[in-house]
Amino acid sequence: MKSLAPGSFNLIVADPPYNLNKDFGPWKETERKAEWRDWTRAWLEEAKHLLSDEGNIFVYGIHHHICWVQCMMLEMGLIYRRQIIWHYENGFAGYGKRSLNATYEPLLWFSKTDRYIYTPIREPYKSQERLKHKIIKNGKVWEPNPEGRMAGDIWSFPTLAGRRFRDEKVKHPTQKPLSISRRIVKHFSNPGDTVLVPFTGSGSECVAAVMEGRTYLGFELNSDYIDMARERIIDALDSNSSEQADLASTLPV
Ligand SMILES: C[S@@+](CC[C@H](N)C(=O)[O-])C[C@H]1O[C@@H](n2cnc3c(N)ncnc32)[C@H](O)[C@@H]1O
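Please read these numbers as outputs of a predicted model, since none were measured by experiment. (Residues numbered from 1 in each chain as written. Predicted model: local features only at pLDDT ≥ 70, side-chain atom pairs only at ≥ 80, totals over all residues.)

1. Some thoughts on the overall build of the protein chain
Within the protein chain one finds five helices and 11 strands. The principal-axis extent of the C-alpha atoms belonging to the protein chain is close to 60 × 60 × 40 Å. The long-range fraction of contacts in the protein chain, counting pairs at least 24 apart against all pairs at least 6 apart in sequence, stands at 69%. (Helix = DSSP H or I, 4+ residues; strand = E, 2+ residues; numbered from the N terminus. Contact = placed C-beta atoms within 7 Å.)

Pasting the structure below:
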(Lines give C-alpha, C1' and ligand atoms only; values in the text may rest on other atoms or scores of the structure.)
Protein backbone atom coordinates (compact mmCIF):
# COMPACT_ATOMS: atom_id res chain seq x y z
CA MET A 1 0.00 0.00 0.00
CA LYS A 2 3.00 2.28 0.63
CA SER A 3 3.78 2.48 -3.10
CA LEU A 4 0.31 3.78 -4.11
CA ALA A 5 -0.39 7.43 -4.96
CA PRO A 6 -1.72 9.51 -2.04
CA GLY A 7 -5.41 10.46 -2.21
CA SER A 8 -6.14 8.05 -5.05
CA PHE A 9 -9.16 6.14 -3.66
CA ASN A 10 -12.72 7.33 -3.11
CA LEU A 11 -13.62 4.21 -1.14
CA ILE A 12 -11.67 1.87 1.14
CA VAL A 13 -13.47 -1.14 2.58
CA ALA A 14 -11.36 -2.83 5.25
CA ASP A 15 -12.38 -6.10 6.87
CA PRO A 16 -9.24 -6.83 8.92
CA PRO A 17 -8.53 -9.61 11.40
CA TYR A 18 -10.63 -8.68 14.46
CA ASN A 19 -8.09 -9.77 17.12
CA LEU A 20 -10.07 -12.90 18.03
CA ASN A 21 -8.79 -16.45 17.46
CA LYS A 22 -9.22 -17.07 13.73
CA ASP A 23 -6.59 -18.87 11.73
CA PHE A 24 -6.11 -17.23 8.34
CA GLY A 25 -3.04 -19.38 7.50
CA PRO A 26 -0.11 -16.95 7.37
CA TRP A 27 -1.95 -14.71 9.84
CA LYS A 28 -2.96 -16.59 13.00
CA GLU A 29 -4.77 -14.25 15.34
CA THR A 30 -3.68 -16.08 18.49
CA GLU A 31 -0.04 -15.32 17.56
CA ARG A 32 -0.67 -11.63 16.79
CA LYS A 33 -2.41 -10.40 19.94
CA ALA A 34 0.55 -8.40 21.24
CA GLU A 35 1.08 -6.49 18.00
CA TRP A 36 -2.54 -6.09 16.89
CA ARG A 37 -3.01 -2.51 18.08
CA ASP A 38 0.27 -1.14 16.64
CA TRP A 39 -0.35 -3.03 13.44
CA THR A 40 -3.90 -1.65 13.21
CA ARG A 41 -2.64 1.91 13.66
CA ALA A 42 0.03 1.36 10.96
CA TRP A 43 -2.37 0.14 8.24
CA LEU A 44 -4.97 2.77 9.16
CA GLU A 45 -2.33 5.49 8.65
CA GLU A 46 -1.56 4.07 5.21
CA ALA A 47 -5.26 3.91 4.37
CA LYS A 48 -5.83 7.51 5.45
CA HIS A 49 -2.96 8.61 3.21
CA LEU A 50 -4.58 6.87 0.23
CA LEU A 51 -8.08 8.26 0.76
CA SER A 52 -9.21 11.12 -1.53
CA ASP A 53 -10.76 14.30 -0.13
CA GLU A 54 -14.22 13.00 -1.15
CA GLY A 55 -13.36 9.54 0.14
CA ASN A 56 -15.05 7.20 2.61
CA ILE A 57 -13.47 4.45 4.66
CA PHE A 58 -15.41 1.56 6.17
CA VAL A 59 -13.82 -0.70 8.78
CA TYR A 60 -15.46 -3.86 10.10
CA GLY A 61 -14.72 -5.00 13.63
CA ILE A 62 -15.98 -6.79 16.69
CA HIS A 63 -17.62 -5.39 19.83
CA HIS A 64 -14.66 -6.34 22.05
CA HIS A 65 -12.05 -4.35 20.15
CA ILE A 66 -13.75 -1.84 17.82
CA CYS A 67 -13.30 0.90 20.46
CA TRP A 68 -9.53 0.91 19.80
CA VAL A 69 -10.03 1.24 16.06
CA GLN A 70 -12.55 4.06 16.45
CA CYS A 71 -10.24 6.01 18.80
CA MET A 72 -7.29 5.58 16.45
CA MET A 73 -9.30 6.86 13.50
CA LEU A 74 -10.43 9.90 15.52
CA GLU A 75 -6.89 10.56 16.73
CA MET A 76 -5.53 10.54 13.19
CA GLY A 77 -8.04 13.19 12.08
CA LEU A 78 -10.44 11.11 10.03
CA ILE A 79 -14.01 12.38 10.35
CA TYR A 80 -16.48 10.19 12.20
CA ARG A 81 -19.72 9.63 10.32
CA ARG A 82 -21.33 6.65 12.03
CA GLN A 83 -20.86 3.37 13.81
CA ILE A 84 -23.23 1.24 11.76
CA ILE A 85 -24.65 -1.86 13.38
CA TRP A 86 -24.71 -4.82 11.04
CA HIS A 87 -27.53 -6.79 12.65
CA TYR A 88 -28.36 -10.41 11.83
CA GLU A 89 -30.73 -13.01 13.17
CA ASN A 90 -28.98 -16.06 11.76
CA GLY A 91 -25.52 -17.39 12.49
CA PHE A 92 -25.12 -15.46 15.76
CA ALA A 93 -22.17 -16.15 18.07
CA GLY A 94 -23.04 -17.85 21.36
CA TYR A 95 -21.04 -16.96 24.48
CA GLY A 96 -22.58 -19.50 26.89
CA LYS A 97 -25.36 -19.33 29.45
CA ARG A 98 -23.81 -16.55 31.54
CA SER A 99 -23.53 -14.07 28.70
CA LEU A 100 -25.43 -12.61 25.78
CA ASN A 101 -25.39 -13.96 22.26
CA ALA A 102 -23.82 -11.60 19.75
CA THR A 103 -26.26 -10.63 17.01
CA TYR A 104 -24.39 -7.75 15.41
CA GLU A 105 -21.03 -6.55 14.18
CA PRO A 106 -20.03 -2.89 14.31
CA LEU A 107 -19.00 -1.24 11.05
CA LEU A 108 -17.23 2.12 11.25
CA TRP A 109 -17.84 4.76 8.60
CA PHE A 110 -15.40 7.66 8.49
CA SER A 111 -14.64 10.19 5.76
CA LYS A 112 -11.62 12.31 4.94
CA THR A 113 -13.56 15.60 4.79
CA ASP A 114 -17.18 16.77 4.93
CA ARG A 115 -17.35 16.58 1.11
CA TYR A 116 -17.76 12.81 1.11
CA ILE A 117 -19.52 10.80 -1.60
CA TYR A 118 -22.93 9.52 -0.59
CA THR A 119 -25.94 8.42 -2.61
CA PRO A 120 -28.89 8.15 -0.19
CA ILE A 121 -30.01 4.67 0.74
CA ARG A 122 -33.73 4.14 0.81
CA GLU A 123 -35.62 1.16 2.23
CA PRO A 124 -39.28 0.11 2.07
CA TYR A 125 -41.50 1.91 4.59
CA LYS A 126 -42.22 -0.23 7.65
CA SER A 127 -45.98 0.08 7.48
CA GLN A 128 -47.47 -0.10 4.00
CA GLU A 129 -50.93 0.05 5.64
CA ARG A 130 -50.29 3.52 7.07
CA LEU A 131 -49.35 4.82 3.63
CA LYS A 132 -52.83 4.04 2.29
CA HIS A 133 -54.25 6.98 4.29
CA LYS A 134 -53.52 10.67 3.98
CA ILE A 135 -50.78 11.69 6.44
CA ILE A 136 -50.61 15.27 7.71
CA LYS A 137 -47.28 16.48 9.11
CA ASN A 138 -46.91 20.04 10.49
CA GLY A 139 -50.19 20.98 8.84
CA LYS A 140 -49.12 19.77 5.39
CA VAL A 141 -50.01 16.64 3.48
CA TRP A 142 -46.97 14.35 3.57
CA GLU A 143 -46.24 12.35 0.43
CA PRO A 144 -44.23 9.13 0.83
CA ASN A 145 -41.13 8.84 -1.33
CA PRO A 146 -41.77 6.17 -3.99
CA GLU A 147 -38.33 4.71 -3.24
CA GLY A 148 -39.02 4.34 0.48
CA ARG A 149 -37.74 5.88 3.70
CA MET A 150 -34.16 6.98 4.36
CA ALA A 151 -32.14 4.09 5.77
CA GLY A 152 -30.98 4.21 9.36
CA ASP A 153 -27.73 3.05 10.93
CA ILE A 154 -28.88 -0.45 11.82
CA TRP A 155 -28.42 -2.54 8.73
CA SER A 156 -30.08 -5.93 8.72
CA PHE A 157 -28.48 -8.41 6.36
CA PRO A 158 -28.32 -12.15 7.07
CA THR A 159 -24.90 -13.79 7.50
CA LEU A 160 -24.00 -16.54 5.06
CA ALA A 161 -24.87 -19.29 7.58
CA GLY A 162 -27.17 -22.10 6.48
CA ARG A 163 -28.35 -23.78 3.30
CA ARG A 164 -30.01 -20.61 2.02
CA PHE A 165 -26.57 -19.22 1.11
CA ARG A 166 -24.84 -22.36 -0.10
CA ASP A 167 -24.36 -20.91 -3.59
CA GLU A 168 -22.65 -17.78 -2.27
CA LYS A 169 -20.60 -19.32 0.55
CA VAL A 170 -17.01 -20.38 -0.12
CA LYS A 171 -14.37 -21.84 2.20
CA HIS A 172 -13.28 -18.70 3.98
CA PRO A 173 -13.84 -18.44 7.75
CA THR A 174 -15.13 -14.84 7.76
CA GLN A 175 -16.68 -14.25 4.34
CA LYS A 176 -18.90 -11.15 4.23
CA PRO A 177 -22.24 -11.27 2.36
CA LEU A 178 -22.46 -9.59 -1.04
CA SER A 179 -25.65 -7.87 0.14
CA ILE A 180 -23.86 -5.60 2.62
CA SER A 181 -20.73 -5.30 0.46
CA ARG A 182 -22.78 -4.05 -2.49
CA ARG A 183 -24.63 -1.49 -0.38
CA ILE A 184 -21.32 0.04 0.72
CA VAL A 185 -19.86 0.13 -2.78
CA LYS A 186 -23.03 1.44 -4.43
CA HIS A 187 -23.80 4.27 -2.03
CA PHE A 188 -20.35 5.46 -0.94
CA SER A 189 -18.36 5.55 -4.20
CA ASN A 190 -18.93 6.70 -7.77
CA PRO A 191 -19.44 4.42 -10.79
CA GLY A 192 -16.06 3.69 -12.37
CA ASP A 193 -14.09 4.24 -9.12
CA THR A 194 -11.46 1.80 -7.93
CA VAL A 195 -12.29 0.42 -4.49
CA LEU A 196 -9.32 -0.36 -2.24
CA VAL A 197 -9.72 -3.63 -0.34
CA PRO A 198 -6.78 -4.05 2.06
CA PHE A 199 -7.95 -7.46 3.37
CA THR A 200 -9.44 -9.33 0.44
CA GLY A 201 -10.11 -12.77 1.95
CA SER A 202 -12.53 -14.53 -0.38
CA GLY A 203 -13.02 -11.32 -2.36
CA SER A 204 -16.55 -10.22 -1.38
CA GLU A 205 -15.79 -6.49 -1.56
CA CYS A 206 -13.97 -6.93 -4.92
CA VAL A 207 -16.89 -8.92 -6.33
CA ALA A 208 -19.28 -6.22 -5.08
CA ALA A 209 -17.15 -3.60 -6.85
CA VAL A 210 -17.38 -5.53 -10.13
CA MET A 211 -21.13 -6.03 -9.75
CA GLU A 212 -21.64 -2.31 -9.12
CA GLY A 213 -19.59 -1.14 -12.10
CA ARG A 214 -16.42 -0.25 -10.18
CA THR A 215 -12.97 -1.78 -10.24
CA TYR A 216 -10.94 -2.86 -7.22
CA LEU A 217 -7.45 -3.24 -5.85
CA GLY A 218 -7.16 -5.98 -3.24
CA PHE A 219 -4.43 -7.27 -0.91
CA GLU A 220 -4.31 -10.72 0.69
CA LEU A 221 -1.59 -12.82 2.36
CA ASN A 222 -3.08 -16.29 1.91
CA SER A 223 -2.65 -17.66 -1.63
CA ASP A 224 -5.61 -20.07 -1.26
CA TYR A 225 -7.86 -17.11 -0.55
CA ILE A 226 -6.43 -15.26 -3.55
CA ASP A 227 -7.44 -18.20 -5.76
CA MET A 228 -10.90 -18.21 -4.20
CA ALA A 229 -11.32 -14.48 -4.75
CA ARG A 230 -10.04 -14.70 -8.33
CA GLU A 231 -12.59 -17.38 -9.17
CA ARG A 232 -15.46 -15.36 -7.68
CA ILE A 233 -14.34 -12.20 -9.50
CA ILE A 234 -14.13 -14.04 -12.83
CA ASP A 235 -17.68 -15.35 -12.31
CA ALA A 236 -18.90 -11.82 -11.56
CA LEU A 237 -17.13 -10.43 -14.63
CA ASP A 238 -18.61 -13.23 -16.77
CA SER A 239 -22.13 -12.53 -15.58
CA ASN A 240 -21.61 -8.80 -16.12
CA SER A 241 -20.53 -9.43 -19.69
CA SER A 242 -23.43 -11.80 -20.37
CA GLU A 243 -25.77 -9.10 -19.02
CA GLN A 244 -24.11 -6.69 -21.43
CA ALA A 245 -24.58 -9.26 -24.22
CA ASP A 246 -28.26 -9.67 -23.29
CA LEU A 247 -28.62 -5.92 -23.37
CA ALA A 248 -26.83 -5.69 -26.71
CA SER A 249 -29.13 -8.32 -28.20
CA THR A 250 -32.14 -6.14 -27.35
CA LEU A 251 -30.66 -3.00 -28.91
CA PRO A 252 -31.84 -1.96 -32.41
CA VAL A 253 -29.30 -2.77 -35.14
C1 LIG B 1 -11.75 -10.81 7.99
S2 LIG B 1 -10.93 -11.50 6.63
C3 LIG B 1 -11.61 -10.67 5.21
C4 LIG B 1 -12.79 -11.41 4.65
C5 LIG B 1 -13.40 -10.76 3.41
N6 LIG B 1 -14.12 -9.56 3.74
C7 LIG B 1 -14.34 -11.73 2.72
O8 LIG B 1 -15.53 -11.41 2.58
O9 LIG B 1 -13.89 -12.81 2.38
C10 LIG B 1 -9.35 -10.82 6.79
C11 LIG B 1 -8.36 -11.27 5.75
O12 LIG B 1 -7.17 -10.49 5.88
C13 LIG B 1 -6.07 -11.30 5.53
N14 LIG B 1 -4.85 -10.66 6.06
C15 LIG B 1 -4.36 -10.69 7.30
N16 LIG B 1 -3.27 -9.90 7.40
C17 LIG B 1 -3.08 -9.34 6.20
C18 LIG B 1 -2.14 -8.43 5.68
N19 LIG B 1 -1.15 -7.95 6.43
N20 LIG B 1 -2.26 -8.07 4.40
C21 LIG B 1 -3.27 -8.56 3.62
N22 LIG B 1 -4.20 -9.45 4.08
C23 LIG B 1 -4.10 -9.82 5.34
C24 LIG B 1 -6.40 -12.66 6.10
O25 LIG B 1 -5.70 -13.68 5.44
C26 LIG B 1 -7.91 -12.72 5.87
O27 LIG B 1 -8.24 -13.40 4.68
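Having seen it, we continue.
2. Focus: the site of the ligand
As a structural note, the neighbourhood of the ligand is formed by 19 residues, with F24, F199, G201, S202 and S204 the closest of them. Here the shell around the ligand is built from residues that sort into eight nonpolar, seven polar and four charged. (Near = placed C-beta within 6 Å. Nonpolar A, V, L, I, M, F, W, Y, C, P; charged D, E, K, R; others polar.)

3. Observations concerning the sheet that holds strand β2 (residues 51–60)
Strands sit in the order β9-β3-β4-β2-β1-β10-β11 across an open sheet of seven strands; the sheet is mixed. Both edges of this open sheet fall to β9 (154–156) and β11 (215–218), since each of them pairs with a single strand only. Shown here is a sheet whose adjacent strand axes are inclined to one another by a mean of 20 degrees, direction ignored. Alignment of strand β3 (residues 79–87) against β9, held across three bridges, turns out to be parallel. Paired with I85 across the bridge in β9 is I154. (Pairing = 2+ DSSP bridges. Axes fitted to C-alpha atoms, helices over the stretch in contact; angles between N-to-C directions.)

4. Regarding helix α3 (residues 178–188)
Note: α-helices contain 3.6 residues per turn, so residues at a spacing of three or four share the same orientation. Within α3, burial applies to L178, I180, S181, I184, V185 and F188. Summarising the contacts, the buried residues of α3 are in contact with β1 (9–14), β2, β3, β9, β10 (194–197) and α4 (204–211). (Buried ≥ 20, exposed ≤ 12 C-beta atoms within 10 Å, placed from the backbone.)

5. Considering the packing of α3 against α4
Packed helices, taken two at a time, are described by the angle between their axes plus the distance between the axes. With their axes 8 Å apart at the nearest point, α3 and α4 run at an angle of 55 degrees to one another. The orientation of α3 with respect to α4, classified from their angle, is oblique. Of the two elements, α3 crosses α4, and the hand of that crossing is right-handed. Across the interface between the two elements, L178, S181, R182 and V185 of α3 pack against S204, E205, V207, A208, A209 and M211 of α4. (Parallel < 35°, antiparallel > 145°, perpendicular 65-115°, else oblique. Left-handed = near helix turned anticlockwise from the far one by under 90°.)

6. Describing the UniProt feature "domain: DNA methylase N-4/N-6" (unreviewed entry) in the protein chain
As annotated by UniProt and renumbered to match this structure, "domain: DNA methylase N-4/N-6" (unreviewed entry) occupies residues 10–230. For residues 10–230, the helix share is 24%, the strand share is 24%, and the end-to-end C-alpha distance is 23 Å. (UniProt positions renumbered as here; feature names shortened; annotations may be inferred.)

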